[in-house]
Amino acid sequence: MHCLLVAATAAEIHPFTEHLAQTDKLTHVELDLDILITGVGSMATTFHLTRYLAHKQPDIVIQAGVAGSFDPDTQPGSVFLVQKDCLADLGVQEKEGFQSVLDMGFAGPNDAPYTRGLLVNPYKELMKRTRLKKVKGITVNEITTSKRRIAEYIDKYDPLLESMEGAALHYVCLQQAVPFIQLRAVSNRVGERNKKKWNLPLAIENLNKELVRLLESL
């Protein structure tokens, strides 16, 4: 199996790459693995992933990274599979609220690769293999700090997670018909800028445990 592992930063998958250098289990399962570090943001992710797919066709693309949670009861370190995603801040802020490009009619909610306005992962059997809870995420260019914007996103999309790259993965892989999954570990609550309350080390640790388990079971 040819697998592409995608991450925005090397730090997010550093424990996995260290494990990879010390184990032979992935050799035993005959996994051909490439790693692609795209840089932060949907634009960088789209560019590097599209360029990769122009030359190689993996059997599966796995994106792994950290995320913020909209749910105050979700504990740092929790790991989820993002089934649905969208570019939440692509549009215009009007007096009545935020209008997306779909709201403004520049694209239809079911125009490929969208399904009811969302970028939905259709690979059900692959998602089952993660044994993780499937959730909805949103992707933004600017990390959300405004209480008003947080309320708008919750009202409009009802997401659990926020990242800066997820929708780019979904968009590119849906367009290219490449099976994919997006794994996210919670490092903080959306809107919380006091980094003393963040737990990046725990999020990265748990994310990589799930990544190792998943890849060794493929």
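Because the structure is predicted, anything quoted here is derived from the model rather than measured.

Overview of the pairing of strand E8 (residues 134-139)
So, step 1. Where strand E4 (residues 79-85) lies against E8, 3 bridges are found, and the strand directions are parallel. Among the inter-strand pairings, Val-82 is bridged to a residue of E8, identified as Val-135.
So, step 2. By the bridge criterion, 3 bridges tie E8 to strand E9 (residues 161-163) in an arrangement that is parallel. What sits directly across from Thr-139, in E9, is Ser-163.
So, step 3. A crossover links E8 with its parallel partner E9, the connecting element being helix H5 (residues 147-157), and its sense is right-handed.

Describing the packing of helix H1 (residues 14-22) against helix H7 (residues 200-217)
So, step 1. With their axes 8 Å apart at the nearest point, H1 and H7 run at an angle of 45 degrees to one another. It follows that H1 is oblique to H7 by the angle criterion. Here H1 runs over H7; the crossing is right-handed. Contact with H1, carried on its side by His-14, Pro-15, Phe-16 and His-19, involves Ile-204, Asn-208, Leu-211, Val-212, Leu-215 and Glu-216 of H7 and no other residues of that element.
So, step 2. Looking at the contact of H1 with H7 residue by residue, the class counts come to 6 nonpolar, 3 polar and 1 charged.

Description of the layout of surface pockets
So, step 1. The volume enclosed by the largest pocket comes to roughly 450 Å³.
So, step 2. Around the largest pocket, the lining is made up of 25 residues, and of these Val-66, Ile-143, Met-164, Ser-187 and Trp-198 lie nearest the centre.
So, step 3. Secondary-structure elements contributing two or more residues to the lining of the largest pocket are strand E3 (60-69), E9, strand E10 (180-189) and H7.
So, step 4. If one sorts the elements of the lining of the largest pocket by residue count, E10 sits on top with 4 residues.
So, step 5. Class assignment of the residues belonging to the lining of the largest pocket gives a composition of 11 nonpolar, 7 polar and 7 charged.
So, step 6. Reported here for the second largest pocket is a volume of approximately 170 Å³.
So, step 7. Split by residue class, the lining of the second largest pocket holds 8 nonpolar, 2 polar and 2 charged.

Examining the pairing of strand E6 (residues 97-100)
So, step 1. Pairing geometry for strand E5 (residues 91-94) and E6, over 4 bridges, is antiparallel. Across the sheet, Val-92 pairs through a bridge with Gln-99, a residue of E6.
So, step 2. The hairpin formed by E5 and E6 contains 2 residues between the paired strands.

Notes on the side chain of Glu-162
So, step 1. By the secondary structure assignment, Glu-162 is in strand E9.
So, step 2. Given a relative accessible area of 5%, Glu-162 falls into the buried group.
So, step 3. Separated by 2.4 Å, the side chains of Glu-162 and Thr-144 make a polar contact.

Parameters at a glance
- Residues numbered from 1 in each chain as written.
- Predicted model: local features only at pLDDT ≥ 70, side-chain atom pairs only at ≥ 80, totals over all residues.
- Heavy atoms only, no water.
- Pairing = 2+ DSSP bridges.
- Helix = DSSP H or I, 4+ residues; strand = E, 2+ residues; numbered from the N terminus.
- Right-handed = clockwise from strand over helix to strand, strands pointing away.
- Axes fitted to C-alpha atoms, helices over the stretch in contact; angles between N-to-C directions.
- Parallel < 35°, antiparallel > 145°, perpendicular 65-115°, else oblique.
- Left-handed = near helix turned anticlockwise from the far one by under 90°.
- Contact = heavy atoms within 4.5 Å.
- Nonpolar A, V, L, I, M, F, W, Y, C, P; charged D, E, K, R; others polar.
- 1 Å grid on protein atoms, 1.4 Å probe; cavity = no way out; pocket = protein on both sides within 12 Å on 5 of 7 lines; lining within 4 Å.
- Points joined across faces, edges and corners; volume = space filled by probe spheres on them.
- Buried < 20%, exposed > 50% of the residue type's maximum accessible area, 1.4 Å probe, protein only.
- Polar contact = N/O pair within 3.5 Å; in protein donor to acceptor, adjacent residues only side chain to side chain.

That is the geometry; function is a separate question.
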